[in-house]
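Residue-level listing of the chains:
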Amino acid sequence: MKPTQKDSNFLPIEATDYVEFYVGNAKQSAYYFCNAWGMMPYAYCGPETGVRDRVSYVVKQDKIVLVLTSSLVNGNDIAKHVAKHGDGVKVLALRVPDATKAWKETTKRGAKSYLKPSTLKSKKEGKVIVSGIQLYGDTVHTFVERKNYSGVFLPNYEVWTAHCIKLQDVGLQVIDHCVANVGWNKMNKWVSFYEKIMGFKNIITFDDNDISTEYTALMSKVMSNGNGYIKFPINEPAKGKKKSQIEEYLDFYYGEGIQHLALSTNNIIETVAQLKSRGVDFLSVPDSYYQSLLQRVGTIDESIESLKKYDILVDRDDEGYLLQIFTKPIGHRPTVFFEIIQRKGAKSFGKGNFKALFEAIEREQAKRGNL
Ligand code: FE2
């Protein structure tokens, strides 16, 4: 089905509303994100706010909102998700002008429903309408319509103030992109899902020649919505001499899911210096990476010494350059991690760094005995 001009506007998206992780201990995860990542305590729901089966802590930095949810009961979806996947992303929530229409348009095109349009009401602050559809693995998109709501986060939430937490952000601004790992030969299925069901376009394709080292390989396609605010790269493993990092993820996550979230900053050196000093672990890059860097990327504003000090990678495309760095997995399983990215004109994803990056990942995989 080829979308018509009219069709391509069927799912207007204003922004990423939030990303929800299902985790083993939401209270401690919230403490980690506030103290290590400079997120601000924002909202809370649980028994005290009338919610009986879960607690959620919401943390925020500029436009980045993370929800950390744990189950209070045995055997519900949250508990099962954590038992199977470990800590991981359950919900990629998209802010839309009309959550009912978003659900109707996507389910009409073949999406499986996760949540029929539902109204969450607050006595004084108005209402939020949410709906949702299923994605790869156990991951979902929800659509959030909050134009008639003035309260904290969502109805049933109260302001969360954690006085013991050091309140200082680290300059993180917005979710730049969210990357999925899907199974063997499943990338095109999900590319087609985003094209047909959500009206997205495939803006960049990387094949296994672009993304391979001596040992492992993967393929990736980047899907973007019409206004370019929302970008979802989708990876699948490719054959190599040894186990692909995507296979390691799929083995330890027990299925498909979100691999990494990229968070933007306008001063990556300062942000990474802060994050490192607060205990966030990053992948390291060999000194040799920096020897030929300027020949490859041309003149840049930052000094090579400071980039080298913090293991920051650089790549250039036709429109400018970007700086990026990747954390080690943030939980106990080798699954979800974060990227920090600063764009100076470049709209791409750091193709020139893939080799150095994947070799760095392989060094960690080898330490775990999973290469
Ligand atoms: Fe990325």
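Residues numbered from 1 in each chain as written. Predicted model: local features only at pLDDT ≥ 70, side-chain atom pairs only at ≥ 80, totals over all residues. Heavy atoms only, no water.

Draft legend 1. Quick peek at the overall build of the protein. Each helix and strand in the protein was counted, giving ten helices and 17 strands. Relative to the compact-globule value of 21 Å for 371 residues, the protein shows a C-alpha radius of gyration of 20 Å, a close match. In terms of its C-alpha atoms, the protein occupies a principal-axis envelope of roughly 60 × 55 × 40 Å. Across the 371 residues in the protein, those meeting the buried criterion constitute 56%. Look at the contacts in the protein between residues 6 or more apart in sequence, and 68% of them connect residues 24 or more apart. Carbon and sulfur atoms make up 49% of the accessible area of the protein, which amounts to about 16500 Å² in all. (Helix = DSSP H or I, 4+ residues; strand = E, 2+ residues; numbered from the N terminus. Rg over C-alpha atoms; globule rule 2.2 N^0.38 Å. Buried < 20%, exposed > 50% of the residue type's maximum accessible area, 1.4 Å probe, protein only. Contact = heavy atoms within 4.5 Å. Areas by Shrake-Rupley, 256 points an atom, 1.4 Å probe, with all protein chains shown as cover.)

Draft legend 2. Main features of the sheet that holds strand β7 (residues 126-134). Taken in spatial order, the nine strands of this open sheet run β6-β7-β8-β5-β1-β4-β3-β2-β9, and their pairing is mixed. Each end of this open sheet is capped by a strand with a single partner; those strands are β6 (113-122) and β9 (158-159). Alignment of strand β2 (residues 40-45) against strand β3 (residues 54-61), held across five bridges, turns out to be antiparallel. The residue bridging Tyr44 from the neighbouring strand is Tyr57, located in β3. Across the face of the sheet, helix α3 (residues 99-108) comes into contact with β6, β7 and β8 (140-145) while running at roughly 15° to β7. (Pairing = 2+ DSSP bridges. Axes fitted to C-alpha atoms, helices over the stretch in contact; angles between N-to-C directions.)

Draft legend 3. Quick look at the domain arrangement of the protein. If you check the domain split of the protein, you get domain 1 (15-159) and domain 2 (172-368). Centre-to-centre, using C-alpha coordinates, domain 1 lies 25 Å away from domain 2. Listed per partner, the contact involves 40 residues of domain 1 and 33 residues of domain 2. Taken together, the two surfaces of domain 1 and domain 2 that pack against each other cover about 3000 Å², and 70% of this comes from carbon and sulfur. (Domains from an automatic or database assignment. Buried area = accessible area lost by both parts, 1.4 Å probe.)

Draft legend 4. Main features of helix α6 (residues 268-277). Of all the positions in α6, only Ile268, Ile269, Thr271, Val272, Ala273 and Leu275 are classed as buried. Among the structural elements, α1 (26-37), β10 (172-181), β14 (257-265), α9 (304-309), β16 (320-326) and β17 (337-344) are those in contact with the buried residues of α6.

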